[in-house]
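Descriptive analysis of the structure
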Amino acid sequence: MNIPLANGRLGRAAVERYWEDGYLHPIRAISPAQAAEWRAELEAIERDWLDAGLPLPLNTYKRVNANCVMPLAHRIATHPAILDVVEGVLGPDLLIYGVEFFIKEPRTKHRVSMHQDLTYWGLGAIDGMVTMWLALSPATRASGCMNFVAGSHRNPILPHEDTFAEDNLLSRGQEVRVEVAPEDRVAIELMPGEISLHHGLTIHGSGPNTTDDRRIGAVVRYLRPEVAQEVGEQDYAMLARGADRARNFILFAPPEGNFTPESLALYDEIRTTQGKFLMKGTKNDKGLYAKVNA
């Protein structure tokens, strides 16, 4: 059953449930028709740009700060219906820290190991970050939906081990070094247009896609402006709603088109800057930020 919304916004009980469990789902924020339209646009971008001579692999742009180079990613992240829901948890002033497209191809072994989002981001163990996960195709147990551990957001940032496994979709293949029993994992099934929200410290992961359809999720990391980068010299974000009075991030504008020269240059600047702290402590030459530290 969907979480009830009042005029598109979360009620008090739903917000309390988010802070109790560390996640909230399913929330019908977008119509199935809109989700299908966004999926079609994403897949058209994949067809048109896969062999277009981009400086980096297309998958890197989809997985790291897609909002910098793809107008679609920015439009999803700033859709009023999604922002209305997120505002119920974070408040009226919202920054976009990044947008990613998590895609598991049909009948593949790709997975996401159990981890906490905030592990390597240099933002600390904060409450002011929410990850919004939007289904653009069915996210079911069979297709590799996320699994959350209720109440795990009350932990600090726990020790993680970097695996850099080939089948792991995370930048370092990071996996939390605690045993997570199967009975403690809650399957977060979502239909196209439904979203989930989760806290940056909530332990979560997902299994492989065993179905004949792609499992496509559009993932947005939202921040309160008061959050600050604690490890890197500087960091970047976009203003989604309200105002940024704290000025803790370098704010950048959305791209004017797909992979414009200006947006590609900015993308490289952001990726290089963030790679210095996101890959801190490893000399592994694999992963989405590998070339940054090479």
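This one's a predicted model, so the numbers in the text were calculated from it and none came from an experiment. (Residues numbered from 1 in each chain as written. Predicted model: local features only at pLDDT ≥ 70, side-chain atom pairs only at ≥ 80, totals over all residues. Heavy atoms only, no water.)

1. Some points on the sheet that holds strand 14 (residues 236–241)
Within the open sheet, the seven strands sit side by side as 3-11-6-13-4-14-15. Their pairing is mixed. Whereas interior strands pair on both sides, the edge strands pair on one side only; in this sheet they are strand 3 (23–28) and strand 15 (250–251). Across the sheet, helix 7 (residues 261–278) is in contact with strand 4 (94–104) and strand 14; its angle to strand 14 comes to roughly 110 degrees. (Pairing = 2+ DSSP bridges. Helix = DSSP H or I, 4+ residues; strand = E, 2+ residues; numbered from the N terminus. Contact = heavy atoms within 4.5 Å. Axes fitted to C-alpha atoms, helices over the stretch in contact; angles between N-to-C directions.)

2. Some thoughts on the pattern of salt bridges
When their charged atoms lie close together, side chains carrying opposite charge are able to pair. Taken as a whole and judged by the stated rule, the model has 20 salt bridges. The partner of R17 in a salt bridge is D21, with the nearest N and O atoms 4.0 Å apart. With R17 and D21 both in helix 1 (residues 12–21) and four residues apart, this pair spans about one turn of that helix. Owing to a relative accessible area of 21%, D21 belongs among the partly exposed residues under this scheme. A salt bridge links K62 to E46, with the nearest nitrogen and oxygen atoms 2.7 Å apart. One end of the pair, K62, is in helix 3 (residues 58–63); the other, E46, is in helix 2 (residues 32–49), and 16 residues separate them in sequence. Neither K62 nor E46 differs from the other in exposure class; each is buried. (Salt bridge = Lys/Arg side-chain N within 4 Å of Asp/Glu carboxyl O. Buried < 20%, exposed > 50% of the residue type's maximum accessible area, 1.4 Å probe, protein only.)

3. Points about the nonpolar core
L10, F101, L134, L197 and Y222 are the most contacted members of the largest nonpolar core, which has 55 residues in total. Among the elements that take part in this core, helix 6 (residues 80–90) stands out by supplying six residues, more than any other. Counting residues in each nonpolar core, the second largest holds 14 residues, with Y97, L123, L201 and L223 among its members. (Core = buried A, V, L, I, M, F, W, Y, C linked by side-chain atoms within 4.5 Å.)

4. Looking at the environment of I157
Positionally, I157 belongs in the loop between strand 7 (146–148) and strand 8 (160–162). The spatial distance from the C-alpha of I157 to the C-alpha of T202 is 9.6 Å, given a sequence separation of 45 residues.

5. What about the sheet that holds strand 10 (residues 186–188)?
Pairing is antiparallel in the open sheet, where four strands are placed in the order 5-12-7-10. Each edge of the sheet is formed by a strand with only one pairing partner; in this case those strands are strand 5 (112–115) and strand 10. Put simply, the sheet's adjacent strands are angled 25 degrees from each other on average, direction ignored. Two strands pair when backbone bridges link them, and strand 5 and strand 12 (residues 204–206) are joined in this way by two bridges, in the antiparallel orientation. From the neighbouring strand, V112 faces strand 12, where its bridge partner is S206.

6. Overview of helix 2
If you check helix 2, its first and last C-alpha atoms are 26 Å apart, about what 18 residues at 1.5 Å a residue would give, namely 26 Å. When helix 2 is considered as a whole, its buried residues turn out to be A35, W38, R39, L42, E43, I45 and E46. The buried residues of helix 2 occupy an angular sector of 150 degrees when the element is viewed end-on, so they sit on one face. Opposite the buried face of helix 2, by more than 90 degrees, sit the exposed residues A33, E37, R47 and D48. Against helix 3, helix 5 (71–77), strand 4, strand 6 (129–135) and strand 13 (215–223) lie the buried residues of helix 2. (Expected span 1.5 Å × (residues − 1). Arc of directions from axis to C-beta.)

7. As for unusual backbone geometry
The amide bond that connects H25 to the next residue, P26, takes the cis arrangement and shows omega of -20 degrees. Here P26 is to be found in strand 3. Despite not being glycine, N65 shows a phi value in the positive range, around 50 degrees. Residue placement: N65 occurs in the loop between helix 3 and helix 4 (66–69). Assessed through its relative accessible area of 8%, N65 is described here as buried. For R247, which is not glycine, the phi torsion reads 55 degrees and is therefore positive. When you line up the elements, R247 lands in the loop between strand 14 and strand 15. R247 gets classed as exposed once you look at its relative accessible area, which sits at 66%.

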